[in-house]
Amino acid sequence: MFGTIWMFSDQIDDEDILFAQRSFITYNMAIDYYKMSYRAVTRVADRSGAFYKLHKKVLINRAIFEDYLRKNGKDGWKKNMCKVIAIANQKGGVAKTTTAVNLGIGLAKEGNKVCLVDCDAQGSMTIALGYKEPDRIEVTLATLLSEIMEEEEVSISDAIIHQDEGVDLIPANIDLAALEINLVNAMSREVMLRMLIESIRSEYDYIIIDCAPSLGMMTINALACADSVLIPVQASYLPVKGLEQLMKTIQRVQKRLNKKLVIEGILLTMVDSRLNYAKDISQLVIDTYSNKVPVFETKIPLSVRAAEITVEGTSIYQYDPKGKATAAYRTLTEEVISRG
Ligand code: ADP
Ligand code: MG
């Protein structure tokens, strides 16, 4: 029916006609036609109930799918699709930055649009992504947050760096330390970052925030705007005490600032499977926490190659494609995607 009417128009090609005639479409057609990522198609189809099984093949009911997009507004559905994950633990050296970078690039490799936000005045994530002198970068997270504080126009597009491995980065440098001090006296000081993140949400499938090793104002800001928090824990160190403090902070943020915040999971890192005490500590974390918070099935093994990438300024996928830590970060990426 559609086809016959549209046949007369030069502007519509055969593919459009084919598409218009279909009530049920495949994943690939949806990705192509709606310019959505795989993840976004899955979530919209899932939430709207548009999945349709036909002889073991999964198709999408177009009418239901499009109805959902319409009802959720032009940008509204996109904002809903984005997941913001904060990587936090006030202890330093537990692989927060390494995880933020390699989870982020892992997600991008699976076809997602990803923005990495460096929330540490040391700029470790900025450095790890190959920008060796963060203090020379002019427009950073600190610039954007101070513009928000001063209610000036926010220069987001000047701050975003399109990194070679397919992720966007909002960098940080030492200016963030000064900003954090100013923040203490600002109104709405805990939700400054949320204002920024809300304004870029619709552009991405995932936003990953790398927190500093503290429970200071910037980490509170990250928790206040995240959908979930991923907690890396180094398996060779008795971590239980520090974790209690972090859990308390998370609960306070959940109560007062961000009801939707959930714990994505504890991720055991730098696991040396040859050492018995590493096994004991992994088990201890699982025994102590797994009835309260999820512990990722994936564990990141100790790996010299993983330690080297920080200096190299590339992801582990590029530096050591066949390594065991690389495989673990791939599995972690899948685990995160499978949780929706
Ligand atoms: P954080 O951000 O929590 O301070 P980093 O990601 O900077 O932690 O990691 C701390 C140190 O441990 C870095 O020198 C990093 O290269 C190293 N590292 C990270 N992951 C591993 C691993 N799987 N095996 C060995 N060393 C690692
Ligand atoms: Mg770090």
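Our structure is the block above this text.
Nothing here was measured: the structure is a model prediction, and the numbers come from that model.

J.: Teacher, can you tell me more about the overall build of the protein chain here?
T.: Regarding its fold elements, the protein chain presents 18 helices and 10 strands. By the compact-globule yardstick of 20 Å for 340 residues, the protein chain fits well, its C-alpha radius of gyration being 22 Å. Summarising its shape, the C-alpha atoms of the protein chain cover approximately 70 × 50 × 40 Å along the three principal directions. Every one of the 340 residues in the protein chain was classed for burial, and the buried ones make up 41%. The long-range fraction of contacts in the protein chain, counting pairs at least 24 apart against all pairs at least 6 apart in sequence, stands at 73%.

J.: Got a minute to help me understand the site of ligand 1 in this structure?
T.: In the vicinity of ligand 1, 18 residues are found, and the nearest of them are Lys96, Thr97, Thr98, Ala306 and Ala307. Residue assignment for the shell around ligand 1 shows that the elements contributing at least two residues are α7 (96-109) and α16 (304-312). Each residue belonging to the shell around ligand 1 can be placed in one class, and the counts come to 9 nonpolar, 8 polar and 1 charged.

J.: Would you mind showing me how to read the nonpolar core here?
T.: It is characteristic of soluble globular proteins that their nonpolar side chains tend to be buried jointly. If you look at the biggest cluster of nonpolar residues, it comprises 96 residues, and the most contacted ones within it are Ile209, Ala222 and Leu223. Here the element with the most residues in this core is helix α13 (residues 217-225); it accounts for 7 residues. Counting the residues that make up this core, at least three belong to each of domain 1 (7-78) and domain 2 (83-338).

J.: Is there a simple way to explain the environment of Ala86 in this structure?
T.: For Ala86, the location among the structural elements is in strand β4 (residues 83-87). Given 30 C-beta atoms within a 10 Å radius, Ala86 is considered buried. Sequence separation of Ala86 and Glu180 is 94 residues, and the distance between their C-alpha atoms is 18 Å. Sequence-distant contacts of Ala86, that is, excluding residues within four places in its chain, are made with Ile209, Cys211, Ala222, Leu223, Ala226 and Val229.

J.: What am I meant to see in the sheet that holds strand β10 (residues 262-269) here?
T.: Adjacent strands of a sheet pair through backbone hydrogen bonds, lying either parallel or antiparallel. Overall, mixed pairing links the 7 strands, which are arranged β6-β7-β5-β8-β4-β9-β10 in an open sheet. Where the open sheet ends on each side, the last strands, each with one partner, are β6 (161-162) and β10. Where β4 meets strand β9 (residues 228-234), 3 bridges bridge the pair, whose relative direction is parallel. Each residue of the ladder has a partner; that of Ile87, found in β9, is Leu230.

J.: Can you help me understand the environment of Ile309 in this one?
T.: Residue position: Ile309 is located in helix α16. Distance in space between the C-alpha atoms of Ile309 and Pro294 is 28 Å, their sequence separation being 15 residues.

J.: Which parts of the structure should I look at to understand helix α9 (residues 141-149)?
T.: Every buried residue of α9 is listed here: Leu141, Ala142, Thr143, Leu144 and Leu145. Of the surrounding elements, those touching the buried residues of α9 are β5 (114-119), α10 (156-159), β7 (168-170), α11 (175-183) and α12 (192-200). Residue Glu151 follows α9 closely and has a positive phi angle near 55 degrees.

J.: Is there a simple way to think about the pairing of β4 in this case?
T.: Here is the key point about a regular strand: its side chains alternate between the two faces of the sheet. The element β4 is largely enclosed, with a buried count of 5 among its 5 residues. Residues Lys83, Ile85 and Ile87 point to one face of β4 and Val84 and Ala86 to the other, with burial holding for every one of them. Of the strand pairs in this sheet, β4 and strand β8 (residues 206-211) are connected by 5 bridges, and their pairing is parallel. Each bridged residue has a counterpart across the sheet, and for Val84 the counterpart in β8 is Ile207.

J.: What is the right way to read the pairing of β10 from this model?
T.: Counted residue by residue, β10 has 6 buried out of 8 residues, so it is predominantly covered. Note that β9 and β10 share 7 bridges and pair parallel. Bridged to Pro232 within β10 is Leu267.

J.: What is the right way to read the packing of α9 against α12 from this model?
T.: Relative orientation and spacing of two packed helices are given, respectively, by the angle between their axes and the distance between those axes. Put simply, α9 and α12 touch, their axes get as near as 9 Å, and they point 105 degrees apart. The angle between α9 and α12 places the two elements in the roughly perpendicular class. Of the residues in α12, those touching α9 at Leu144, Leu145, Ile148 and Met149 are Met192, Leu193, Met195 and Leu196. Taken together, the residues of the contact of α9 with α12 break down into 8 nonpolar, no polar and no charged.

Criteria and thresholds
Residues numbered from 1 in each chain as written. Chains lettered and ligands numbered in written order. Predicted model: local features only at pLDDT ≥ 70, side-chain atom pairs only at ≥ 80, totals over all residues. Helix = DSSP H or I, 4+ residues; strand = E, 2+ residues; numbered from the N terminus. Rg over C-alpha atoms; globule rule 2.2 N^0.38 Å. Buried ≥ 20, exposed ≤ 12 C-beta atoms within 10 Å, placed from the backbone. Contact = placed C-beta atoms within 7 Å. Near = placed C-beta within 6 Å. Nonpolar A, V, L, I, M, F, W, Y, C, P; charged D, E, K, R; others polar. Core = buried A, V, L, I, M, F, W, Y, C linked by C-beta atoms within 7 Å. Domains from an automatic or database assignment. Pairing = 2+ DSSP bridges. Axes fitted to C-alpha atoms, helices over the stretch in contact; angles between N-to-C directions. Parallel < 35°, antiparallel > 145°, perpendicular 65-115°, else oblique.

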